[in-house]
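# Examining the three-dimensional arrangement
For reference, the chains in residue letters:
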Amino acid sequence: MTAGEAEETGRMAGGEGNMKLPRSVTTLSTIAIQAGQSLIVVSVLKSGSLVHLQLVQVHPGLCEVGSNQRENQTLIQEQEQLMEKLKKHEGEVLAVVGKNQQTEQLRRRRGRDEGLMEHKRTRNQEEEEEVHKAMLASLTEGWSLLLRLLQRQQEVLMLAKDFYSRAEEFSVYLDRVEDLQFRPDRLTEVQLSYNVLRRDLLGKSLQFLTSSSVLLQKLRQLQRIEDLQRRGGGLQEEEEQEVNAICL
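Time to look at the side chain of Ser-43. As for its placement among the helices and strands, Ser-43 is situated in strand E4 (residues 38-47). A polar contact of 2.9 Å, which involves the side chain of Ser-43, links it to the side chain of Thr-30. When residues no more than four places from it in sequence are discounted, the contact partners of Ser-43 are Thr-27, Ser-29, Thr-30, His-52, Leu-53, Gln-54 and Val-56.

If you want it as structure tokens, here you go:
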């Protein structure tokens, strides 16, 4: 994990609804994790008293699946490895809020007058504690949303795996029907075989189409989130947009 005080410009939204934050956004920390050819980069951003978790980069994209069963299986394995590595950094990510609070306290203490009244100190400490709790709650929420998002990406990969399996089964039964030879001396036997294959083929066709429909539906949902991610939206904003889409 790397930390910095880099200033960025952009628009973020918090859990309290859409709001335009100040243009100055500080990157408190960034974490990059790689497994095979898969990569994920996440940053902890701070704007005023608001803290957010942003998915900066993900490769392959959230909506990408393997072009075949073998390639898709590789993505599934790499995704599982990314999840395992990412979960190990949870404490480190959440600790960023504590480090930021300590830094802010030191800055304020250096700027205080020696004659500051004790009750004012106490009040400031209480305010700082409330801000710290709010930051920690926001960051914890963002972390949960990140894990949920990656789990949904994993779900899409598993749906793609099922899709390829259904497509292969459908292709096998289609070949059997095409290979069926009609012989005048065996019409009854051939007709019975054809009826059985036809019924099985229709069943495999239905499974294939259902699998395809479910996969496309999940991909569309991830597409909306990926679009927000490309525009620099935070994970909390992505969750809110998805809820609104469901309500509509």
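Having seen the structure, we can now continue with the description.
Looking now at a negative patch on the surface. There is a patch of like negative charges on the surface, built from Glu-126, Glu-127, Glu-129 and Glu-130. Its place among the elements puts Glu-127 in helix H3 (residues 118-179).

Take helix H1 (residues 69-87) next. For the α-helix, the turn length of 3.6 residues means that residues three or four positions removed from each other point alike. Its 19 residues place the ends of H1 27 Å apart at the C-alpha level, agreeing with the 27 Å of an ideal helix rising 1.5 Å per residue. Taken as a whole, H1 has its buried residues at Asn-72, Leu-75, Ile-76, Glu-78, Gln-79, Leu-82, Met-83 and Leu-86. With a side-chain oxygen positioned 3.2 Å from the backbone nitrogen of Arg-70, the residue opening H1 is Asn-68.

Before going further, it helps to examine the nonpolar core. Membership of the largest hydrophobic core comes to 34 residues, with the highest contact counts inside it found for Ile-40, Val-44, Leu-53 and Leu-146. Mapped onto this core, the elements with two or more residues apiece are strand E3 (25-35), E4, strand E5 (50-59), H1, helix H2 (90-111), H3 and helix H4 (187-230). Of all the elements, H3 adds the most residues to this core, at 11 residues.

Moving on to unusual backbone geometry. Residue Pro-60 is bonded to the preceding His-59 through a cis peptide linkage, with omega at -5°. Within the secondary structure layout, Pro-60 lies in the loop between E5 and H1.

On to the packing of aromatic side chains. Going through the model one piece at a time under the given rule, you end up with three aromatic pairs. Arranged with centres 5.8 Å apart and planes meeting at 5°, the rings of Phe-170 and Phe-208 form a pair that is stacked. Taken together, the residues Phe-170 in helix H3 and Phe-208 in helix H4 connect sequence positions 38 residues apart. Overall, the relative accessible area of 22% leaves Phe-170 in the partly exposed class. Positioned above the aromatic ring of Tyr-173 is the side chain of Arg-176, whose terminal nitrogen or guanidinium carbon lies 4.9 Å from the ring centre.

Inspection of the secondary structure assignment puts Gln-81 in helix H1. Considered as a pair, Gln-81 and Gln-34 are 47 residues apart in the sequence and their alpha carbons are 8.6 Å apart.

Counting buried positions along E3 gives eight out of 11 residues, so the element sits mostly inside the fold. Pairing between E3 and E4: nine bridges, direction antiparallel. Its bridge partner lying in E4, Ala-35 is registered against Ser-38. Between E3 and E4, which pair antiparallel one after the other, the connecting turn spans two residues, and Gly-36 there sits at a positive phi close to 65°.

Moving on to the environment of Ser-171. For Ser-171, the location among the structural elements is in helix H3. The class of Ser-171 is partly exposed, set by a relative accessible area of 34%. Separated by 30 residues in sequence, Ser-171 and Leu-201 place their C-alpha atoms 9.1 Å apart.

The next point concerns the pattern of salt bridges. Overall, the coordinates contain four salt bridges when judged by the stated rule. With a closest N to O distance of 3.8 Å, Arg-166 and Glu-169 form a salt bridge. With Arg-166 and Glu-169 both in helix H3 and three residues apart, the pair spans about one turn of that helix. Arg-166 gets classed as partly exposed once you look at its relative accessible area, which sits at 26%. The closest approach of N and O atoms between Glu-169 and Lys-204, which form a salt bridge, is 3.3 Å. Here Glu-169, found in helix H3, pairs with Lys-204, found in helix H4; they are 35 residues apart in sequence, far enough to count as distant. Look at the salt bridges and you will find they share partners, linking Asp-162, Arg-166, Glu-169 and Lys-204 into a network.

The rules behind each value
- Residues numbered from 1 in each chain as written.
- Predicted model: local features only at pLDDT ≥ 70, side-chain atom pairs only at ≥ 80, totals over all residues.
- Heavy atoms only, no water.
- Helix = DSSP H or I, 4+ residues; strand = E, 2+ residues; numbered from the N terminus.
- Polar contact = N/O pair within 3.5 Å; in protein donor to acceptor, adjacent residues only side chain to side chain.
- Contact = heavy atoms within 4.5 Å.
- Patch = residues over 30% accessible without salt bridge, like charges linked within 9 Å, V, L, I, M, F, W, Y side chains within 5 Å.
- Areas by Shrake-Rupley, 256 points an atom, 1.4 Å probe, with all protein chains shown as cover.
- Salt bridge = Lys/Arg side-chain N within 4 Å of Asp/Glu carboxyl O.
- Lys, Arg positive; Asp, Glu negative; His and termini not counted.
- Charge placed at Lys NZ, Arg CZ, Asp CG, Glu CD.
- Expected span 1.5 Å × (residues − 1).
- Buried < 20%, exposed > 50% of the residue type's maximum accessible area, 1.4 Å probe, protein only.
- Core = buried A, V, L, I, M, F, W, Y, C linked by side-chain atoms within 4.5 Å.
- Phe/Tyr/Trp six-rings, centres within 6.5 Å; stacked < 30°, edge-to-face > 60°.
- Lys NZ or Arg CZ within 6 Å of the ring centre and 35° of its normal.
- Pairing = 2+ DSSP bridges.

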